[in-house]
Amino acid sequence: QEQKEKSLSRETQKYRDLAEKLKSSLLEFKIKVGEKGQAFGSITSSKIAEALRKKGIEIEKEWLPEEHIKSTGEKSVKIKFPRDIAGEVRIRIEAE
């Protein structure tokens with residue numbers, strides 16, 4: 001029982017550390033934008049997870065909201081870790 005609690009405690013701390021690391025992260029993406037401002041393509045949870053992986057932050061795609069971001073600018077994306085731990089990462093999307 002005690003061993004299980006220690007394991008859960010370590011896991012919880014791991015997710016808290018990841019959430020803290022995300023606070024200082026900014027991910028940058030480029031998307032093609034037409035003359036009238038319409039986006040061709042979008043930024044998906046898969047692209048965000050992959051960009052985080054390249055920065056050495058391993059998260060599961062399922063922890064991200066299923067959204068397709070199609071507008072330029074800066075946004076915060078919420079991440080729901082297991083153990084009711086939440087974090088967010090800032091992303092910046094620019095026209096290509």
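Anything mentioned here points back to the structure above.
Each residue is numbered by its place in its chain's sequence as written, counting from 1. Local features in a predicted model are, by the rule used here, given only for residues with pLDDT of at least 70; side-chain atom pairs are given and counted only at 80 or more, and totals for whole chains, interfaces and linings are based on all residues. The side-chain numbers reported here are obtained from all heavy atoms of the structure, hydrogens and water having been left aside.

Peer 1: I'm lost on helix 2 (residues 45–54) in this one. Help?
Peer 2: An α-helical segment advances 3.6 residues per turn. Residues three or four places apart therefore align on the same side. Among all positions in helix 2, only S45, I48, A49, A51 and L52 are buried. Looking straight down helix 2, one finds that the buried residues subtend no more than 160° of arc, so they occupy a single side. Summarising the contacts, the buried residues of helix 2 are in contact with helix 1 (2–23), strand 1 (26–33), strand 3 (73–81) and strand 4 (85–95). In the stretch just after helix 2, G56 is the one whose phi turns positive, near 85°. Any residue under 20% of the maximum accessible area for its type is buried, any over 50% is exposed, and the rest in between are partly exposed; the area is computed with a 1.4 Å probe on protein chains only. Here a strand is any run of E in DSSP of at least two residues, a helix any run of H or I of at least four, and the numbering for each starts at the N terminus. Arc, as used here, means the arc of the directions from the helix axis to the C-beta atoms. In this analysis, two residues are considered to be in contact whenever any of their non-hydrogen atoms come within 4.5 Å of each other.

Peer 1: Mind showing me how you'd approach the nonpolar core here?
Peer 2: The set of buried Ala, Val, Leu, Ile, Met, Phe, Trp, Tyr and Cys residues whose side-chain atoms join them within 4.5 Å is what this entry labels a nonpolar core. Grouped together as the largest cluster of nonpolar side chains are 24 residues, with contacts concentrated most on I48, L52, I59, I79, F81, V89 and I91. When contributions to this core are tallied by element, the ones reaching two or more residues are helix 1, strand 1, helix 2, strand 3 and strand 4. Contact partners of I79, with chain neighbours within four places excluded, come to L22, L52, I59, W63, L64, I85, A86, G87, E88 and V89.

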